[in-house]
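Understanding the architecture of this molecule
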Protein chains: 2
Amino acid sequence: MFETAELGRNIERDAYDKRVPELRVELLAAQAKLLNEARSSVVVVIAGVDGAGKGDTVNTLHEWMDSHYLETHAFGTPSEEERERPAMWRFWRELPVKGRIGIYFGSWYTQPIIRRVYGQADEAEFLGELRHIQDFERMLAEDGTLVLKYWFHLSKKEQKKRLKKLSSDPDRAWRVGPTDREHSKHYDDFVVTCERALRETSTGMAPWQVIEGTHRRYREVAVAEHLLAALRGHLEAHSAPPAVEAPRIEWGTQPTVLSALDMQVKLPEDEYEAALSHLQARLNEISRDAQATGATLLCVFEGPDAAGKGGAIRRVTRALDARAYRVISTAAPSDEEKARHYLWRFWRHIPRAGRVAIFDRSWYGRVLVERVEGYASPAEWRRAYNEISEFEELLIERGVGLVKFWLHIDLDEQAKRFEERKNTPYKEFKITAEDYRNRDHWTEYEQVVHEMVERTSTYQAPWTLIAANDKRHARIEVLKVLCASFENCVARARKREK
Amino acid sequence: MFETAELGRNIERDAYDKRVPELRVELLAAQAKLLNEARSSVVVVIAGVDGAGKGDTVNTLHEWMDSHYLETHAFGTPSEEERERPAMWRFWRELPVKGRIGIYFGSWYTQPIIRRVYGQADEAEFLGELRHIQDFERMLAEDGTLVLKYWFHLSKKEQKKRLKKLSSDPDRAWRVGPTDREHSKHYDDFVVTCERALRETSTGMAPWQVIEGTHRRYREVAVAEHLLAALRGHLEAHSAPPAVEAPRIEWGTQPTVLSALDMQVKLPEDEYEAALSHLQARLNEISRDAQATGATLLCVFEGPDAAGKGGAIRRVTRALDARAYRVISTAAPSDEEKARHYLWRFWRHIPRAGRVAIFDRSWYGRVLVERVEGYASPAEWRRAYNEISEFEELLIERGVGLVKFWLHIDLDEQAKRFEERKNTPYKEFKITAEDYRNRDHWTEYEQVVHEMVERTSTYQAPWTLIAANDKRHARIEVLKVLCASFENCVARARKREK
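All values derive from a computational prediction rather than experimental measurement. (Residues numbered from 1 in each chain as written. Chains lettered and ligands numbered in written order. Predicted model: local features only at pLDDT ≥ 70, side-chain atom pairs only at ≥ 80, totals over all residues.)

1. Notes on the interface of chain A and chain B
Chain A puts 44 residues into the contact, and the matching count from chain B is 44 residues. Looking at the side of chain A that touches chain B, its residues break down into 15 nonpolar, 15 polar and 14 charged. (Contact = placed C-beta atoms within 7 Å. Nonpolar A, V, L, I, M, F, W, Y, C, P; charged D, E, K, R; others polar.)

Okay, structure coming up:
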């Protein structure tokens, strides 16, 4: 596939000098429009053969465009904090906000390709990683991000010539590093692996552009012209009116996973006290093993208002070392969060190895409250199921344990609790008008939860639905499930260690 | 000093049961007011003897207050990414936004005290660390943050009794960890060191409260009552009208550090080209040594509009490995940034060891544009000199090299460049009405820069003022100074390694 980029493509100096000033003006205008509209961001991946002028082209783009709104991110060997999380975490950290362009120089492609060329990953692993990349880029594209990928190519002969020429100039020899030399020895292996990578990941939403890197003027103009055309097309498409909304589904009267719960179940106080202190002791023990083995646990708590999420969480955290856990209350997003993909604000809270993160409401808000209230469009919450699955899969592959609780109460119990809150001065603050309003959506929520469980309860990260009309019963169930899942997670971590 | 907390203070159950419901209501009301006003944040440090009920009290606070706006941060051994930066970096990362309360359980006091007790730090180092803590807390307090510090005490006898009792209960033995036992052997050393720490850091703005930890009801209520009173006092003080503004200084006609620059200096093109490629090669070599030794460099670029900061920065970055540097353009702060101390947004960009961070405008904006335009009050920009010095000192102590450039042009040159920009289509975007407006403040800026240099040019982080009417001259000067400073920084890193 790379033959098309070994033709000696070039641009005459005159044509270059004539075109570049116009091109700069046009690029700046498109960039300004992107910034002013601030409706989407642009991700530009720069990859390819060493010596093909990738770095020079990035510098040129910074010179031609407004570099205040152009961020270049380059990635070397992952740090300890990065290695303790899924490989994609470091890229999520550095996604551009709406209105800006992020250039990724050394991207999510680098490590998979290198590991494959040097035999540290087999073909199946490599393809698995490419699939994650596809999912990641699709997620960005569907969220409105323009994803552009440029592959700089240079023939083997040309690369040798270039490295030799640079090495012999004392003031420019530094441009050739030891890894460049090492990689150039594996030129053919790289071609095979990269071809595969490009074919697998050249999707309709995020196609690769192969750029011949032999001549400076050509590669600069080729990238800049393509970037300009893509940006313009993207801005136009985005100025179009939004698609018509799909009609709402009429809910039937069939039973749901929630109506199947036995809401009458109760636990006597003495049994509760005994079980509580026993389970907390057990949980503490496991959590210390987890810290030692680097086993990470993520717990999600969802449920109607007043279902007792906070109380259950406190029974859990009492058993944990304060240094080892973090409770993340999911409230309205900040502007930094709003300016990115909705999963970004959860990625930023992925804990280090050996820690516990407890989410009091979570990314499932997308398919619950955001869906019911219409904050997310049907297209958005529909694709969220896949996005969430992919997100959780990356965590699980990294060895993270995932426990998801839905604490359920019925309408009567909720009314009772609201009443109690209203009459207890220090609980009154928990009640808002919105809580009462949510009661009108009760049936819809039941259906929506049913669908959520259907779509996102997997073998490795199942939903645990708990009847929580009796707080004591619910708390003990939470602790039991947590202990069991956490133990599994530690056992898997031990296995990986061996 | 701890005798006052060995008296067996307690509260009867009846009194406790009567007071607590009221206390909760009052705490919630104060917390709600803090959140609604969102004008300042609260930092609560919980420290003291093991077994004195710190963890239980934190849990109680979470139960009594609205835990959605109460974040508890606990800190264990620093991670690799944390160790590569000044010790305070990890705490800056976790400061609460305005309207919220952050509880620090295991805080900036832990490591200095432990290092001192176990003899890893001598008295001078320990006092140095305490001074940094004082500065840090003063900085927060002056920014409007309420800083509360509770020291939980327990007599030696009582601690032994407690650890023994817990250890003998199989369901509660987990509460006593190996470090608790280790620390309890050093009880007397801890008392001496902690006394010192408390005395040195009990300032008017952030005094310590010693809490007797023997009885649960007493310690809970003592902390909660104090927190409530402090919060109320703070909210009232903050509702008061701001202090009267000090009158503006009349600028004289005395020479400034800027008027002393020779603005006529020029560099011929051929000399420039030769020097440029030579210096870039040298810079690249040093930067690779820096990556190997973990030497970190921070470069600050300030100067009037059109002084050529961007062009100079590009000449620097061309010589660097894209993975090793980051250019940070300082623009308007995001809402997450605005909700914290103004230095927070620079702390978050402190690079890892071995990297270069280039700030295109920086924290000096506080004493430049924010001062001139009145965005910062006189009290704010006046204390900023000390805050900046303290910030830079922490970096320097950690071995970070700091280079600060003021690129200067005169009014005529600026007018010429504005004109040129206006007439070059792809440069026009760089000109705004504000740029012209800034010209009216030219004399004031000269005085303000003079004062900034006077207050913040130190032996270890001097300002380099460069006449930049000739771009070639300015770029070469920047590269020269950068190479020399960077070399020094690498040499210091090598020394530390030995």
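Read on for the rest.
2. Considering the relation of the copies chain A and chain B
Both copies of the chain are related through a single rotation about an axis accompanied by a shift along the same axis. Superposition record for chain A on chain B: RMSD 0.0 Å, screw rotation 180 degrees, translation along axis 0.0 Å. Taken together, the turn and the small shift mark the pair as related by a two-fold rotation axis. By residue overlap, the copies meet face to face through one surface: 100% of the interface positions of chain A are interface positions in chain B. (Least-squares fit on C-alpha atoms with pLDDT ≥ 70 in both.)

3. Let's talk about the packing of helix 12 (residues 309-317) of chain B against helix 20 (residues 471-497) of chain B
All names here are of chain B. Their axes nearest at 10 Å, the elements helix 12 and helix 20 cross at an angle of 45 degrees. Here helix 12 lies oblique to helix 20, going by the angle between them. Along this stretch, helix 12 crosses helix 20, giving a crossing that reads as right-handed. Between helix 12 and helix 20, the residues in contact are Gly311, Ala312, Arg315 and Val316 and Lys471, Ala474, Arg475, Val478, Leu479 and Leu482, respectively. (Axes fitted to C-alpha atoms, helices over the stretch in contact; angles between N-to-C directions. Helix = DSSP H or I, 4+ residues; strand = E, 2+ residues; numbered from the N terminus. Parallel < 35°, antiparallel > 145°, perpendicular 65-115°, else oblique. Left-handed = near helix turned anticlockwise from the far one by under 90°.)

4. Quick notes on the pairing of strand 2 (residues 70-74) of chain A
If a strand is regular, its side chains alternate between the two faces of the sheet. Most of strand 2 of chain A sits out of view: 5 of its 5 residues are buried. Here strand 2 of chain A shows no split at all, with A:Leu70, A:Thr72 and A:Ala74 on one side and A:Glu71 and A:His73 on the other all buried. (Buried ≥ 20, exposed ≤ 12 C-beta atoms within 10 Å, placed from the backbone.)

5. Quick look at the domain arrangement of chain A
All names here are of chain A. The domain architecture assigned to chain A consists of domain 1 (2-238) and domain 2 (269-497). Contacts between domain 1 and domain 2 engage 17 residues on the former and 16 residues on the latter. Among the secondary structure elements, those contributing two or more residues to the side of domain 1 that touches domain 2 are helix 4 (89-92) and helix 6 (123-142). Element by element, the count of residues in the side of domain 1 that touches domain 2 is highest for helix 6, at 5 residues. Across the side of domain 1 that touches domain 2, the residue classes tally to 8 nonpolar, 1 polar and 8 charged. (Domains from an automatic or database assignment.)

6. Some details on the sheet that holds strand 3 (residues 101-105) of chain A
Residues and elements named next belong to chain A. In space, the 5 strands of this open sheet follow the order 2-3-1-4-5, with parallel pairing throughout. Only two strands of the sheet have a single neighbouring strand rather than two, namely strand 2 and strand 5 (208-212). Sheet twist, expressed as the mean angle between neighbouring strand axes with direction ignored, is 20 degrees. In the sheet, strand 2 pairs with strand 3 via 5 bridges, with the strands oriented parallel. If you follow Leu70 over to strand 3, its bridge partner there is Ile101. (Pairing = 2+ DSSP bridges.)

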